[in-house]
Amino acid sequence: VQLQASGGGLVQAGGSLRLSCAASGSIFRLNVMGWYRQAPGKQRELVATITSGGSTNYADSVKGRFSISKDNGQNTAYLQMNSLKPEDTAVYYCNADSTLWNGERYDYWGQGTQVTVSS
C-alpha cells in the first residue's frame, strides 16, 4: 500500500489549503484515514481522522477550521484547512489503517507535505 500526499504549500494567515491523500495497492478496506502533523522540535500530533463509516475526529486546535472527508471510490482522503494560523505550520502526514485482501491489517504513512502559514 502506498499513500501519496499532496496539496501543501505556503499561505498567509487566514488563508486556506486542501490536502489530498491517495491510497493505492491491495486494499480491501481503509478502516481509518487520518492526518497528523509535526512542527519543528515538536512531537507528531493528530489533526483529524475519518473512519470507513464516515465518523470524524479532530484535534481541539483545529475544530471549526479544518474538515476531513473521503472519496471511497478513489481511496482518497482530503483535509480542507481554513482560517489557517502560523501555528498550523508543520509537515502534514497522511495515515491509513488498512485491511488488505489477504485479511491482514497494517498501518501506513505517507511521505509528508509541508504547510507553511505566514503571519
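Residues numbered from 1 in each chain as written. Predicted model: local features only at pLDDT ≥ 70, side-chain atom pairs only at ≥ 80, totals over all residues. Heavy atoms only, no water.

Draft legend 1. Region of the structure containing the sheet that holds strand 8 (residues 76–81). What the four strands build is an open sheet, ordered 1-3-8-7; its pairing is antiparallel. In the strand order of this sheet, the two ends are held by strand 1 (2–6) and strand 7 (66–71), each with one partner. Pairwise comparison of adjacent strand axes, ignoring direction, gives a mean angle of 15° for this sheet. Bridging between strand 1 and strand 3 (residues 17–24) involves five bridges; their strand directions are antiparallel. Bridge assignment links Leu3 to a residue of strand 3, and that residue is Ala23. (Pairing = 2+ DSSP bridges. Helix = DSSP H or I, 4+ residues; strand = E, 2+ residues; numbered from the N terminus. Axes fitted to C-alpha atoms, helices over the stretch in contact; angles between N-to-C directions.)

Draft legend 2. View of the side chain of Asn95. One can find Asn95 in strand 9 (residues 90–100). At 3.1 Å, the side chain of Asn95 forms a polar contact with the side chain of Asp107. Polar side-chain contacts of Asn95 include one of 3.2 Å to the backbone oxygen of Tyr108. (Polar contact = N/O pair within 3.5 Å; in protein donor to acceptor, adjacent residues only side chain to side chain.)

Draft legend 3. How the structure looks around the environment of Phe66. In this fold, Phe66 is placed in strand 7. Note on Phe66: relative accessible area 4%, which makes it buried. Along the chain, Phe66 and Gln2 lie 64 residues apart, while their C-alpha atoms are 24 Å from each other. What Phe66 contacts, discounting residues up to four positions off in sequence, is Arg37, Val47, Tyr58, Leu79, Gln80, Met81, Asn82, Leu84, Asp88 and Tyr92. (Buried < 20%, exposed > 50% of the residue type's maximum accessible area, 1.4 Å probe, protein only. Contact = heavy atoms within 4.5 Å.)

Draft legend 4. A look at the pairing of strand 5 (residues 45–51). Pairing analysis gives six bridges linking strand 4 (residues 27–38) to strand 5, with the strands arranged antiparallel. Across the sheet, residue Val32 finds its bridge partner in strand 5, namely Thr51. Connecting the antiparallel pair strand 4 and strand 5 is a turn made up of six residues, with Gly41 showing a positive phi of about 80°. Where strand 5 and strand 6 (residues 56–58) come together, three bridges link them in antiparallel fashion. Looking at the pairing, Thr49 lines up with Asn57 of strand 6. A loop of four residues connects strand 5 with strand 6, the two strands running antiparallel in sequence, and Gly54 in this loop sits at a positive phi of about 95°.

Draft legend 5. Fine view of unusual backbone geometry. Not every positive phi belongs to a glycine, and Asn75 is a case in point at roughly 50°. Along the chain, Asn75 turns up in the loop between strand 7 and strand 8. The exposure class assigned to Asn75 is partly exposed, which follows from its relative accessible area of 25%. Despite not being glycine, Ser83 shows a phi value in the positive range, around 50°.

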